[in-house]
Amino acid sequence: MIRLLSIVFLAGGPGAAGAQDLDAAAVQVLAGPCASCHGPDGRSPGAIPSIAGLPEATAAERMLAFRDGADPAATIMPRLMKGYDEAQIRALAHWFAEIGS
Amino acid sequence: MRATRRDMLLAMGAGMGTLALPQILRAQAAAHVAVVGGGFGGATAARYLRRLNPDLRITLVEPQEQFVTCPFSNLYLGRLRDWDSITHGFDGLRAAGIEVIHARAEDVDGSARSLGLSNGARLDWDRLVLSPGIDFRWGDLAGYDEAAAELAPHAWKAGPQTQLLRRQLEAMEDGGTFVMVVPQGAFRCPPGPYERASMVAHYFKTHKPRSRVLILDSQDRFAKQPLFRQGWQALYGEMIEWVGQSDDGLVVEVDASTRTALTAFGTRHKADVLNVIPPQKAGLIAERAGVTDETGWVPVRADRFESVHVPGVYVLGDATIAAPMPKSGFCANAQAKVAAAAITADLAGREPPPASFANTCYSLVGPGWGISVAGVYRAEGGKVVEVAGSGGVSPLEAGPEFRQAEADHGAGWYASICADIWGTA
Ligand SMILES: Cc1cc2nc3c(=O)[nH]c(=O)nc-3n(C[C@H](O)[C@H](O)[C@H](O)COP(=O)(O)OP(=O)(O)OC[C@H]3O[C@@H](n4cnc5c(N)ncnc54)[C@H](O)[C@@H]3O)c2cc1C
């Protein structure tokens with residue numbers, strides 16, 4: 001119920017927290033902490049998957065599934081994604097898709 | 001309207017944008033940002049400032065030619081990591097076009113906007129970033145000063161102290177007791193003492209199985225407590241004993257020469273290896289810059305990490321008052337990116353973008369047994385707040401695959417953040 005409401009809100013525009021602030025500089029700041037785990041620009045040198053160049057739709061779908069607890073194999077992403085709204089998640093998916101692998 | 005990376009670079013005046021915005025760029029090109037401290041906060045700030053505006057002049061001041069990370073230094077104590085793997089140089093930052101000066105910052109003049117260095121040089125700056133980490137409140141704990149630390153190491157700044165502690169553990173006979181003293185007040189890395197206890201227990205289990213770990217704690221609860229206790233029980237049985245404050249865990253005096261800790265209720269604990277984590281405050285240069293308050297830490301404007309006392313001086317990491325964000329390397333890195341964006345915007349006469357931060361602290365309880373705590377944060381009304389519903393600790397009921405995955409992800413995090421900061425993996 002709450003989720004449905006928030007989607008309606010996002011679609012409605014002005015009510016959505018943060019959505020109106022999502023210019024490029026804002027998305028770059030949102031993406032800042034992702035690099036600590038996924039590597040600079042989302043290119044990971046280690047055990048955490050790279051996300052640079054992940055197709056936008058796939059990335060958004062994965063992140064929304066994490067947030068909604070729909071990926072039982074996930075460890076940390078569910079806890080992190082609960083801190084972002086849908087508009088922010090979609091903007092992040094777009095950002096890392098744009099970087100290219 | 002979607003924001004793309006290319007829009008971003010154009011807006012920042014990089015690449016093709018240079019042709020489009022000549023005046024603004026000339027003003028920016030002249031700007032000099034000095035960064036004090038080449039650790040988690042400072043080196044990140046230098047690198048991200050460079051990325052956001054390639055025309056800035058950036059100078060990083062750091063006395064050490066090699067930076068040894070506290071993160072994973074506990075694994076070095078547990079013999080799960082070697083020294084080289086936690087040591088990072090500054091060539092990556094130099095290659096990115098940052099001038100690195102190996103000297104200590106001695107004083108800051110906030111009105112003349114200059115910085116005095118231990119090599120006699122004076123640097124003028126347009127914006128200053130301080131990320132000096134912590135210093136110790138020597139003498140707050142009776143009997144524990146710099147000389148005592150040579151006998152009973154703190155190893156809470158990674159370096160020779162960490163190596164000394166490992167040598168002492170190696171020299172200790174089987175059947176001995178390792179005692180750790182956990183301080184009062186805010187300290188860097190809230191789960192750090194308990195990860196260290198775990199790693200020492202791992203070393204004992206594999207090399208000196210009759211030995212014990214005793215934690216004397218000034219707190220009654222600690223970070224990720226149920227997860228640590230579950231792991232300790234499963235991996236080390238009764239080897240680790242934790243004594244909280246109400247059960248006489250508060251240590252009031254230390255005698256380093258006899259390796260003895262005296263508690264508030266009068267109990268004397270004799271250790272074979274004594275590890276004292278001293279009470280802490282912001283790195284001394286913050287005090288000299290006039291940015292600390294009566295707590296010894298630095299209040300900042302949460303939306304940009306600029307000092308509330310001295311405009312133009314940005315302070316990051318352990319030195320700041322940023323609760324509910326913990327004093328972690330992850331947070332210092334996240335704060336540095338927010339500050340770099342704010343400084344770049346400010347120099348270009350724009351408002352800073354809305355701040356957004358995250359944290360994750362992975363701890364290793366034993367090989368293949370990782371646990372974590374996470375949070376997402378933003379700035380609201382001048383304070384850092386945790387985004388409601390975000391974050392939390394690893395589930396207590398998770399099975400071995402989950403613990404193994406988080407142990408692997410901890411190593412993955414370390415590789416990624418080191419690449420992000422120093423350009424090393
Ligand atoms: C045992 C242990 C384990 C830890 N594990 C983790 C972990 O797993 N994950 C995590 O996120 N965090 C961890 N931490 C915390 C982490 O180390 C700190 O939070 C982090 O280092 C803070 O970054 P900083 O930039 O504030 O300070 P630092 O990284 O300490 O950097 C400060 C730098 O400033 C320099 N400096 C100081 N004064 C001056 C001066 N006057 N002039 C020039 N340079 C100066 C110092 O030489 C130093 O290089 C751990 C800490 C400990 C002790």
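Residues numbered from 1 in each chain as written. Chains lettered and ligands numbered in written order. Predicted model: local features only at pLDDT ≥ 70, side-chain atom pairs only at ≥ 80, totals over all residues. Heavy atoms only, no water.

Asker: Tell me what's going on with the packing of aromatic side chains, and back it up with residues and numbers.
Answerer: Residues and elements named next belong to chain B. According to the stated counting rule, one finds 17 aromatic pairs over all chains in the structure shown. Here Phe228 and Trp232 contribute two aromatic rings whose centre-to-centre distance is 5.8 Å and whose plane-to-plane angle is 40 degrees, an arrangement assigned as tilted. Highlighted residues: Phe228 and Trp232, both in helix α9 (residues 225–236), separated by 4 residues, approximately one helical turn. The exposure class assigned to Trp232 is buried, which follows from its relative accessible area of 4%. Within the aromatic cluster, the residues linked to one another by ring pairs are Tyr194, Phe222, Phe228, Trp232 and Trp242. For Arg51, the ring lying beneath its charged end belongs to Tyr48, and the centroid distance is 4.9 Å. The ring centre of Tyr76 lies 4.3 Å from the NZ or CZ of Arg166, which sits over that ring. (Phe/Tyr/Trp six-rings, centres within 6.5 Å; stacked < 30°, edge-to-face > 60°. Helix = DSSP H or I, 4+ residues; strand = E, 2+ residues; numbered from the N terminus. Buried < 20%, exposed > 50% of the residue type's maximum accessible area, 1.4 Å probe, protein only. Lys NZ or Arg CZ within 6 Å of the ring centre and 35° of its normal.)

Asker: Explain the nonpolar core residue by residue, including any values.
Answerer: Residue and element names in this part refer to chain B. Among the nonpolar cores identified, the biggest contains 149 residues, and Leu115 and Trp232 are the most heavily contacted of them. If one sorts the elements of this core by residue count, helix α11 (residues 329–347) sits on top with 12 residues. Here this core spans two domains, since at least three of its residues come from each of domain 1 (14–133 + 283–353) and domain 2 (148–276). Formed by 17 residues, the second largest nonpolar core is a distinct cluster that contains Leu141, Leu214, Leu216 and Val276. (Core = buried A, V, L, I, M, F, W, Y, C linked by side-chain atoms within 4.5 Å. Domains from an automatic or database assignment.)

Asker: Go over the interface of chain A and chain B, please, and point to the residues and values.
Answerer: Note on interface size: it is often stated as the accessible area lost on association of the parts. Listed per partner, the contact involves 37 residues of chain A and 50 residues of chain B. Around 3300 Å² of area is buried between chain A and chain B when both sides are counted, 66% of it from carbon and sulfur atoms. Broken down residue by residue, the surface that chain A buries against chain B is led by Val29(A), Ser36(A) and Arg79(A), which jointly contribute 20%. For the pair chain A and chain B, the interface holds 2 salt bridges. Between Glu406(B) and Arg79(A) there is a salt bridge, with the nearest N and O atoms lying 3.3 Å from each other. When contributions to the side of chain A that touches chain B are tallied by element, the ones reaching two or more residues are α2 (24–31), α3 (34–38), α5 (77–81) and α6 (86–99) of chain A. Looking at the side of chain A that touches chain B element by element, the count peaks at 7 residues for α2(A). Classifying every residue of the side of chain A that touches chain B by side-chain character gives 20 nonpolar, 10 polar and 7 charged. (Contact = heavy atoms within 4.5 Å. Buried area = accessible area lost by both parts, 1.4 Å probe. Salt bridge = Lys/Arg side-chain N within 4 Å of Asp/Glu carboxyl O. Nonpolar A, V, L, I, M, F, W, Y, C, P; charged D, E, K, R; others polar.)

Asker: Quick rundown of the pattern of salt bridges? Include the residues and the values.
Answerer: Applying the stated criterion to the full structure yields 21 salt bridges over all chains. Across the pair Glu86(A) and Arg90(A) runs a salt bridge, and its minimum N-O distance is 2.9 Å. Note that Glu86(A) and Arg90(A) are positioned in helix α6 at a spacing of 4 residues, about one turn of the helix. Exposure remark for Arg90(A): the relative accessible area of 34% places this residue in the partly exposed category. Members of the salt-bridge network, linked through shared partners, are Asp41(A), Arg43(A) and Arg51(B).

The quantities given are spatial measurements derived from coordinates; they are silent on function.
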